[in-house]
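Structure at a glance
Residue-level listing of the chains:
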Amino acid sequence: MAPFSSEDQAMVQAMLRQLFQSVKEKITGAPSLECAEEILLHLEETDENFHNYEFVKYLRQHICTTLGSMIEEEMEKCTSDENQGEECGYDTVVQHVSKRTQDSKEYKEMMHYLKNIMIAVVESMINKFEEDETQSQERQKKIQKDKSHSYCTDNCSDSDSSFNQSYRFCQGKLQLILDQLDPGQPKEVRYEALQTLCSAPPSDVLNCENWTTLCEKLTVCLSDPDPAFSDRILKFYAQTFSLSPLHMTKEIYTRLAKYLELHFLSRENHIPTLSAGVDITNPNMTRLLKKVRLLNEYQKEAPSFWIRHPEKYMEEIVESTLSLLTVKHDQSHVVSQKILDPIYFFALVDTKAVWFKKWMHAHYSRTTVLRLLEKKYKSLITTAVQQCIQYLELCKTMKADETLRHSKHFRNKQKPFHYLGQELQYIYFIHSLCLLGRLLIYTQGRKLFPIKLKNKKGLVSLIDLLVLFTQLICYSPSCPKMTSAAHSENYSPASMVTEILWMLCDQKECAVKCLYNNIVIETLLQPIHNLMKGTEASPNCSETALIHIADILARIASVEEGLILLLYGENMNSSEESSTGAHIIAQFSKKLLDEDISIFSGSEMLPVVKGAFISVCRQIYSTCEGLQVLITYNLHESLAKAWKKTSLLSERIPTPVEGSNSVSSVSQESQNIMAWEDNLLDDLLHFAATPKGLLLLQRTVAINECVTFMFNRYAKKLQDSRHTKFGYQVLVTQVASTAAGAIALKKSGFINALTTELWSNLEYGRDDVRVTHPRTTPVDPIDRSCQKSFLALVSLLSYAAIYELVSNQELPNKAEYSLREVPTCVIDIIDRLIILNSEAKIRSLFNYEQSHIFGLRDFIIDGLSVERNHVLVRINLVGGSLERILPPRMLEQSDNPYPWPMFSSYPLPDCYLSDITRNSDIKQDSDLGKLLLCLKISDKQMEWIENYRRQFCKMMKAKPDTISGEALVELLEKFVLHLTESQSECYFPLVEYTATDANVKNESLSSVQQLGIKMTVRYGKFLNLLKDGAESDLALVLKHCERFLKQQQTSVKSSLLSLQGNYAGHDWFVSSLFMIMLGDKEKTFQFLYQFSRLLTSAFLWLPRLHISSYLPIDTVKSGIHPVYFCCTHYVEMLLKTELPLVFSAFHMSGFAPSQICLQWITQCFWNYLDWIEICHYIATCVFLGPDYQVYICIAIFKHLQQDILQHTQTQDLQVFLKEEALRGFRVSDYFEYMETLEQNYRTVLLRDMRNIRVQST
């Protein structure tokens, strides 16, 4: 590389001067040389003009010229290696090229060249240094003749920096100051020396050779009796802590800590005793507290920067601190004569131990703190635990009014700045409480237990400490009402313990180790036990304490592990289930609601106590497993009763008269009553979180008010419960799954709001988005801006909801639509966005292309035509994923972007019909013969049933395809016939039916039934199962079924359309049976007649229990089918246990598993499964029992788990589950899994399924 010339040197020097001139303010403002270096090293990150500096441009150009070609060659080589199969990521390529470049000869020559030119430039600049300095000083003298020079001015030149000042200051100056600080010197001399020292930049002082000697001298001078002198030293220390690097501030800190340690151990310093207390107006105490506070302030700041320095510095700071805090005097046997330890003073300046919280936050420092605590300073933990125990014992033995004096709330009015011994003990107790609470969060902190205490037998375990904490809530005094809210919240023991336990609840591992055990839970519940027995909870247990206990229990119940503990205890197989936490909480809450407890009657806090414990119950009964445990307490009835009573009270509140003295009191009373009423409605609403809970809610006749309350919060964008993670979306989905729920949503304004929001997003765009350029035309079927509104509507519109909202209504089909006319209901959405059958409708749309996503358009190959074709083919074809071919919803990237023919008239193009092998008779297998043989052996009823089921399972696992065709017909007929011959297997009584075809021939079927018949016959012919004339035969079967079921129905007066007349919808189960029976109407109806006596018929054949006389009348009036409140309820319950990720995905999507399961079951899995799998679904439930309906749904979710998680991320889970077939799912593939589910859950499921006829739960 060519040597550099004088022109090169001058050019680089000019560019370097420009760079320094630009960053002058940043460098001169740096407190030390190290800080200035840091600023320059990170200049690219902090200076937006970095790449515009000429010096930077010069360096970049030089590097490109010298190394550019070599870097490009290396990059090309890596690229060719990657093409040959050697995969290497971007980071790997960069590392490789960087290493090769740095090892190259060119790089070394370039660095040598730059180093030489920079040395020459810097030497040249240094040579001018003194000349520039002299000129600068002369200018300053002219401007400020009468002013003395300070050691640092704001208007210094480029060379006038703290670095030069340090040079001037250290020339004998520091040694002079050391001599002047000697205690033998006059006071004025020592003070002047200290003043000089404080005026100098701390970084300059600390960089001097005599710094260590100065540090020792200052530490000795801290004991000077002159407060002004010691204050000056502390001021210097404070400046040092703020402006100096850690290795220097560490030395200051450790020396100050050691000084204080010796100060406390010296008998000459007269440290006050506990009985004397601390008078902070005393000069000696003031100076001592200032030193302690300075240390404490540094403790809280150090963690923010010590990770950037060697670990040894942090270790020295930590150890010096712990050494100081564990200082102990030789104590007198009399407690009152105890000399105060340093920890008392630290508690005074940092009551909540913030320093410890910050030190424990990062793993870097936490590891050191915990290691030192375990090895050398465990006494700090021991004394903290001892302090908590002493305070609890004091609370237990003394009266409440005396105990209160120990709190910081009660100050001595005559001596407001004098802390009594009792107050110091209380402050130390609070400090200990906070320290221990923070310690328990971490695994290594918990490993410090158990610990041994003096004068106490045995060890204090982790559980013992948690029990002590919970007892503190009950026994510690409540804060008096006259104290300020801030103090009562911040320093009352019960509030502090509650915050600690909340913190532990938020850490899963910590909560499992500390809280989730029977001993702690029993301690929390002990006051409730006592109250229910009619005794006081504890000598000092108050309403406030009960509220704290309820808040902790609510946190525990909001987590799966905590909920299980409350429901079943640690031993889930225990026979004493009624004594678990959930039962006790429910019993207590019910007594509170029914006002069956007299202890707190008339208390202003009673509604708050009620609300707190009902909140715990809500956490429990809003889960499927929790509701199963609490259902016997009929909390929904107690809540509804309390709500009705409160609602009447709110109506009776007189209207305040202006100017009256009672205005404020009446207003406050009304606010309290209204708040309590809202609280009760919210509690009732959360029964809708589960299918069975929704049934209970509808029985209270309060669902309309609850849904209106939910909508009001939704409209105000208020959050749901503080323990609920995903708001009200799942509740809306559950409510919308029932007819009554849909009507409630309509009355509340929910549907109006959703449709209006959807229209607004489609037509006008969001109001909060600033429009800077025209919006692009959407290419997806559902534009992202409208997806949230669309998904909300999809979740809302179950079949039950659609039937109630649009049944028997005509499309408006107006001649003209105003541009300001906004849809407000579902029928309006259909009219304005889907069925665009007039020019008036098209002209009324601002964004026709986007809004008419489902509608009509000329046959141009665009997004709308593609979507329309997909929808038309989908609704005209029936079958599973292998039985029908649906056109794609997107154009292809090819010369022929859409090769699929448009479907606009019958018949459907053949390309959409699958070529799968259709129905063909299968020769009887030997195993099938064994299965049929089981039906002939009927000596022992239970034995042949079990043998038959065992053989069926064996065949389903080995040869599932043999269970089809005529063989399946024979199996179903003979099994059901034999089963109904046993009275013990019959759930419903035998009903005589004598009608003939002639009797029912003239009866009419609904239009929905007629449409279903056409679809069934079309599907049956496609599968070669049905022949011509099947339509009339299927119609007769459906008419016989309606006549037969009508004999078993009850009359009910209801405004619900679905309860007015026959079953709303097509009977897909009967259609499926008709196809299984190969279109034989006699066989089909005879089978259904016998099958109707079995419990399984209640869940497979949905019309079987439509307004049935076998169901309780309140269940009938609710319009909720047992498939929903029983079957899908258990689907959700098992899903949470078996597939927690899937369960969470549903909640995150705001969608309920029960709704999609109800849709699957209602339409007998048509369009979701292929025909053979539908046959296996029906056969499995008939042969093995109705609980297999639940297991099959769980197996489907297991099969779909990855798809569900993926579509949760893409935020289209509802659309995926409702539209897509269950690709690849085979019932036989999951038989072993379902047998495992049967072993674990059959007893519970069948018991509940058999209880659907029971009036009272």
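As annotated in an unreviewed UniProt entry, the protein chain carries the name Protein broad-minded and is attributed to Saimiri boliviensis boliviensis. UniProt, in the comment section headed Function (unreviewed entry), describes the protein chain in these words: "Required for high-level Shh responses in the developing neural tube. Together with CDK20, controls the structure of the primary cilium by coordinating assembly of the ciliary membrane and axoneme, allowing GLI2 to be properly activated in response to Shh signaling." In its Subunit (unreviewed entry) section, the UniProt record describing the protein chain reads: "Interacts with CDK20, which promotes CDK20 stability and function. Interacts with FAM149B1; may play a role in cilium assembly."

Within the protein chain, the regular secondary structure consists of 65 helices and four strands. Taking all 1257 residues of the protein chain together, the buried fraction comes to 52%. Summing over all exposed atoms, the protein chain offers an accessible surface of approximately 60,200 Å²; the carbon and sulfur share of this is 52%.

Where helix α31 (residues 560–568) is concerned, the buried positions are Gly562, Leu563, Leu565, Leu566 and Leu567. In this fold, the buried residues of α31 make contact with α29 (518–532), α30 (543–557), α32 (581–593), α33 (606–621), α34 (624–630) and α58 (1122–1138). Gly569, located one to two residues past α31, shows a positive phi value of around 75°.

Right, let's get into the side chain of Arg366. Looking at the element boundaries, Arg366 is found in helix α20 (residues 363–375). Buried and unpaired, Arg366 has no salt bridge, with Glu509 as the nearest side chain of opposite charge at 9.9 Å. Here the side chain of Arg366 touches His361 through a polar contact of 3.0 Å, landing on its backbone oxygen. Not counting residues within four places of it along the chain, the set of residues in contact with Arg366 comprises Trp359, Met360, His361 and Tyr442.

The next point concerns the pattern of salt bridges. This structure, assessed with the given rule, holds 42 salt bridges. Across the salt bridge formed by Lys590 and Asp594, the nearest N and O atoms sit 3.8 Å from each other. A salt bridge links Asp596 to Lys591; its shortest N-O distance comes to 3.2 Å. On the basis of relative accessibility, which here comes to 25%, the residue Lys591 falls in the partly exposed class. Residues joined by salt bridges that share partners form a network here, namely Glu216, Glu251 and Arg255.

All right, on to the confidence of the model for the protein chain then. In low-pLDDT regions, the fine details of the predicted coordinates are not to be read closely. The pLDDT averaged across the protein chain works out to 83; a share of 83% of its residues lies at or above 70. Summarising per-element confidence for the protein chain, the mean pLDDT is lowest in helix α9 (residues 162–170) (41) and highest in helix α62 (residues 1187–1199) (98). Within the model, pLDDT remains below 50 along residues 480–489, and this stretch shows 10 contacts once partners closer than five positions in the same chain are excluded.

With that settled, consider the packing of helix α21 (residues 379–397) against helix α25 (residues 462–475). As a packed pair, α21 and α25 sit with axes 10 Å apart at the nearest point and diverge in direction by 35°. For the pair α21 and α25, the crossing hand works out as left-handed. Here Val385, Cys388, Ile389, Tyr391, Leu392, Cys395 and Lys396 of α21 come into contact with α25, specifically with Leu465, Leu468, Gln471, Leu472 and Tyr475. When grouped by side-chain class, the residues that make up the contact of α21 with α25 number 10 nonpolar, one polar and one charged.

Inspection of the secondary structure assignment puts Pro245 in the loop between α14 (227–243) and α15 (246–265). The spacing of Pro245 and Trp306 is 61 residues in sequence and 9.5 Å in space, taken between C-alpha atoms.

The next thing to look at is the environment of Leu176. Among the secondary structure elements, Leu176 is positioned in helix α10 (residues 173–180). Put simply, Leu176 and Ala193 are 17 residues apart on the chain and 8.3 Å apart in space, counted from C-alpha to C-alpha.

Core analysis: the biggest nonpolar cluster contains 349 residues, and Phe345, Leu373, Phe449, Phe469 and Phe1197 have the highest contact counts within it. Considering every element that reaches this core, the biggest residue donor is helix α23 (residues 421–439), with 11 residues. Counting residues in each nonpolar core, the second largest holds 22 residues, with Val12, Leu16, Met110 and Met125 among its members.

Relative to the elements of secondary structure, Arg1093 occurs in the loop between α55 (1081–1091) and α56 (1097–1100). Despite its burial, Arg1093 pairs with no opposite charge; the closest candidate is Glu981, at 9.6 Å N-O. Not counting chain neighbours up to four residues away, the residues in contact with Arg1093 comprise Thr980, Gln983, Cys986, Tyr987, Phe988, Pro989 and Leu990.

As a further point, take unusual backbone geometry. Residue Phe449 is joined to Pro450 through a cis peptide bond whose omega torsion reads 5°. Within the secondary structure layout, Pro450 lies in the loop between α24 (443–446) and β3 (451–452). For the bond running from Tyr906 to Pro907, omega is 0°, close enough to zero to count as cis. Its place among the elements puts Pro907 in the loop between α47 (863–876) and α48 (926–934). Notably, Asn808 is not glycine yet its phi reads approximately 65°, a positive angle.

The rules behind these values
Residues numbered from 1 in each chain as written. Predicted model: local features only at pLDDT ≥ 70, side-chain atom pairs only at ≥ 80, totals over all residues. Heavy atoms only, no water. UniProt positions renumbered as here; feature names shortened; annotations may be inferred. Helix = DSSP H or I, 4+ residues; strand = E, 2+ residues; numbered from the N terminus. Buried < 20%, exposed > 50% of the residue type's maximum accessible area, 1.4 Å probe, protein only. Areas by Shrake-Rupley, 256 points an atom, 1.4 Å probe, with all protein chains shown as cover. Contact = heavy atoms within 4.5 Å. Lys, Arg positive; Asp, Glu negative; His and termini not counted. Salt bridge = Lys/Arg side-chain N within 4 Å of Asp/Glu carboxyl O. Polar contact = N/O pair within 3.5 Å; in protein donor to acceptor, adjacent residues only side chain to side chain. pLDDT = per-residue confidence, 0-100. Axes fitted to C-alpha atoms, helices over the stretch in contact; angles between N-to-C directions. Left-handed = near helix turned anticlockwise from the far one by under 90°. Nonpolar A, V, L, I, M, F, W, Y, C, P; charged D, E, K, R; others polar. Core = buried A, V, L, I, M, F, W, Y, C linked by side-chain atoms within 4.5 Å.

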